[in-house]
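The primary structure of each chain is shown beneath.
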Amino acid sequence: MSDKKFVTDSGIEIKQVYCDPVPMTEMPGKFPFTRGVHAAMYRDKLWTMRQYAGFSTAEESNKRYHYLLSQGVMGLSVAFDLPTQIGYDSDHAMSEGEVGKVGVAIDSLEDMEILFQGIKLEDISTSMTINATGFILLALYIALAKKQGADIKKISGTIQNDILKEYAARGTYIYPPKPSMRIITDIFEYCSKEVPKWNTISISGYHIREAGSTAVQELAFTLANGKAYLQAAIEKGLDINVFAQRLSFFFNAHNNLFEEVAKFRAARRMWANITKELGATDPKAQMLRFHTQTGGSTLTAQQPQNNIVRVSLQALSAVLGGTQSLHTNGFDEALSLPTEDAARIALRTQQIIAFESGATQTVDPLAGSFYVEQLTNEVEAAAWKLIEKIDVMGGAVKAIEAGFIQEEIARSAYQYNKDIETGEKIIVGVNKFNVKEENDTPLLKIDDSIRVVQSEKLKALRAKRDAAKAAACLESIKKAAIGTDNLMPYVIDAVENLCTLGEIADTLRGIWGEYKG
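A quick note: this is a predicted structure, and the numbers were derived from the prediction, not measured.

(A) Examining the overall build of the protein more closely. The helix and strand inventory of the protein stands at 20 helices and 11 strands. A compact globule built from 517 residues should have a C-alpha radius of gyration of about 24 Å, and the protein, at 23 Å, falls within 12% of that. Judged by the C-alpha coordinates and their principal axes, the protein covers about 70 × 60 × 50 Å. Counting every position in the protein, which comprises 517 residues, the buried fraction comes to 57%. Here the contacts in the protein between residues at least 6 apart in sequence split such that 78% fall between residues at least 24 apart. Accessible area for the protein stands at about 21400 Å²; split by element, carbon and sulfur atoms hold 53% of it.

Spelled out as structure tokens, the structure:
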């Protein structure tokens, strides 16, 4: 129990937990964690307030990180550009027109040093939205932490590292499913021993929802992917009670406040049962901990200030649903990367919910609502039906290879857009309550000259490094990939010897090829 005392403005004391006169069987901090993973939840500790940021060069992104930290952000969340996500250096022909556009360009350890200049990695938690090259970015982060003199057993954060949803919804994959799953289990194994506070995967429903799924589909497909990762790690001989403690999830928050709360509550209950069935006995291995981001696809270019209200509702649903970490989108993100002003308003939205709304003063405030409890049960039942279909197919990998998950998402996306076009679904400012407007929202523009800057950096790096050592490191990665050695120590050694992200990714392309879908 928390010893803190909370009262309303009228002086009414607020209990830590409310329940029926006959105590509920499901209590916060107890299996199956429907009401939250901690007994006192936000009374003891608020969620981590993150702002997803990264654009242009490492130097420009570093300035934004220092600004966000000065405004009260508790953890950083790094966005990477498309070439970094799919394993190309900035000077590669495939990178043209994309360098620094949707995130920061990271080619080497030198870029990573600049990105976190003046920021001690031991003192912050960093989330990195990266999948196919997640293992390389983790290696860069570990190498930088060591260079800073940090104890890598103390560094904390998350790599998204969820390749299955890339095949199903987003598309930034490189390698076929089998070697991709091998990379992921190598990360699980390495981090459980060497970087125990690191969350080794953030199993992501966010992009499934952005691709057009419903809330139920987001929940079902995300947990089915999670189940596949558990099974792959168990087959490798890893202990579920150890590695499952470092798995986290990443969900989307949309505008239907109550369905979103029900989804988050159902997710915890379902995951607790999935892990238990697969042999988890430690409560920490049964807990579903999750980060939430407000819905990017819900933001409108029309009347963009309306997005502030949308983001507020979505953020509130995440808090009422018990999130451990939250990113709120800038109101201008349907038009461009967020400006500093938009990022600050997004952060203030979280702070107002945390310190002014009263939503944090009792655990699971909507528990016991006839509507929310029934909706939680119905969302769960519908999600189990989909998971059962996937299980019959042989699991998430087989369902993705068969196109089942992709087809389900496409069908829902089509129906959603059709409902907007017919007016069945109202989007304020888009198909109703329109106004004639001239958009004067300030936009953040990214200059194409960034590719030239990054290419010059790469040229200088390759000229000064020990070429023989770099080549030997890449050869070691190749041998490990052909064999069964854990890849992570070899990749860390390579980035420390100034091998680039593209060189490492290409070495493995030479062994495993590329997945064509």
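(B) View of helix α17 (residues 450-464). Here α17 contains 15 residues, and its C-alpha end-to-end distance of 22 Å stays within 8% of the 21 Å for a straight helix at 1.5 Å per residue. Looking at α17, one finds that the buried residues are Ile450, Gln454, Ser455, Leu458 and Leu461. Along the long axis of α17, the arc covered by the buried residues comes to 130°, so they all point the same way. Exposed residues lying more than 90 degrees from the buried face of α17 are Val452, Lys459, Ala463 and Lys464. Here the buried face of α17 lies against α3 (109-115).

(C) A look at the packing of aromatic side chains. According to the stated counting rule, one finds 18 aromatic pairs in the structure shown. Plain terms: the ring middles of Tyr167 and Tyr515 are 4.8 Å apart, the flat faces sit at 70° to each other, and that makes the pair edge-to-face. Here Tyr167, found in helix α5 (residues 164-170), pairs with Tyr515, found in the segment after α20 (501-512); they are 348 residues apart in sequence, far enough to count as distant. Residue class for Tyr167 comes out buried when judged on its relative accessible area of 8%. Between Tyr206 and Phe250, the ring centres sit 4.9 Å apart and the planes meet at 0°, which makes this aromatic pair stacked. Here the residue Tyr206 occupies a position in helix α7 (residues 206-210), and Phe250 occupies one in strand β9 (residues 247-253), the gap between them amounting to 44 residues.

(D) Fine view of the layout of surface pockets. Space inside the largest pocket adds up to approximately 980 Å³. What lines the largest pocket is a set of 39 residues, among which Lys45, Thr48, Asn199, Arg289 and Gln324 lie closest to the centre. When residues of the lining of the largest pocket are traced back to their parent elements, those giving at least two are β3 (48-53), β5 (125-129), β6 (156-159), β9, β10 (290-294) and β11 (325-327). At 4 residues, the largest contribution of residues to the lining of the largest pocket is made by β5. Partitioning the lining of the largest pocket into residue classes produces 12 nonpolar, 20 polar and 7 charged.

(E) Region of the structure containing the side chain of Thr294. Looking at the element boundaries, Thr294 is found in strand β10. Taking relative accessible area as the criterion, Thr294 reaches 0% and is therefore assigned buried. Ignoring any residue separated from it by four or fewer positions in sequence, one finds Thr294 in contact with Tyr206, Asn252, Ala253, Val311, Gln314, Ala315, His327, Thr328 and Asn329.

Rules used throughout
- Residue numbering note: each chain is counted from 1, following its sequence as written.
- A pLDDT threshold of at least 70 governs which residues receive local features in this predicted model, and a stricter bar of 80 or more applies before side-chain atom pairs are shown or counted, although totals over entire chains, interfaces and linings include all residues.
- Where side-chain values are given, they derive from all heavy atoms of the structure, hydrogens and water being excluded.
- Secondary structure elements follow DSSP: runs of H or I of four or more residues count as helices, runs of E of two or more count as strands, with numbering from the N terminus.
- The quantity called the radius of gyration is restricted to C-alpha atoms. Its globule counterpart is 2.2 Å times the number of residues to the power 0.38.
- With a 1.4 Å probe rolled over the protein chains alone, any residue whose accessible area is under 20% of its type maximum counts as buried; one over 50% counts as exposed, and the rest are partly exposed.
- Whether two residues touch is decided by their heavy atoms; if any such pair falls within 4.5 Å, the residues are in contact.
- Shrake-Rupley sampling with a 1.4 Å probe provides the accessible areas, and residues are treated as covered by the protein chains on show and by no other component.
- One less than the residue count of a helix, multiplied by 1.5 Å, gives the span that helix is expected to have.
- Working note: the arc is built from the helix axis to C-beta atom directions.
- Each Phe, Tyr or Trp ring, with Trp reduced to its six-membered ring, pairs with another whose centre is within 6.5 Å; inter-plane angles below 30 degrees give stacked pairs, above 60 give edge-to-face pairs, and intermediate values give tilted ones.
- Buriedness for pockets is judged along seven lines, at least five of which must meet protein on both sides within 12 Å for an open set on the 1 Å grid over protein atoms alone, while cavities are sets there where a 1.4 Å probe fits but cannot get out, and lining residues have an atom within 4 Å of a point.
- Grid points are joined across faces, edges and corners, and a volume is the space filled by probe spheres set on the points.
- Following the grouping adopted for this structure description, the nonpolar residues are Ala, Val, Leu, Ile, Met, Phe, Trp, Tyr, Cys and Pro, the charged ones are Asp, Glu, Lys and Arg, and the polar ones are all others, Gly among them.

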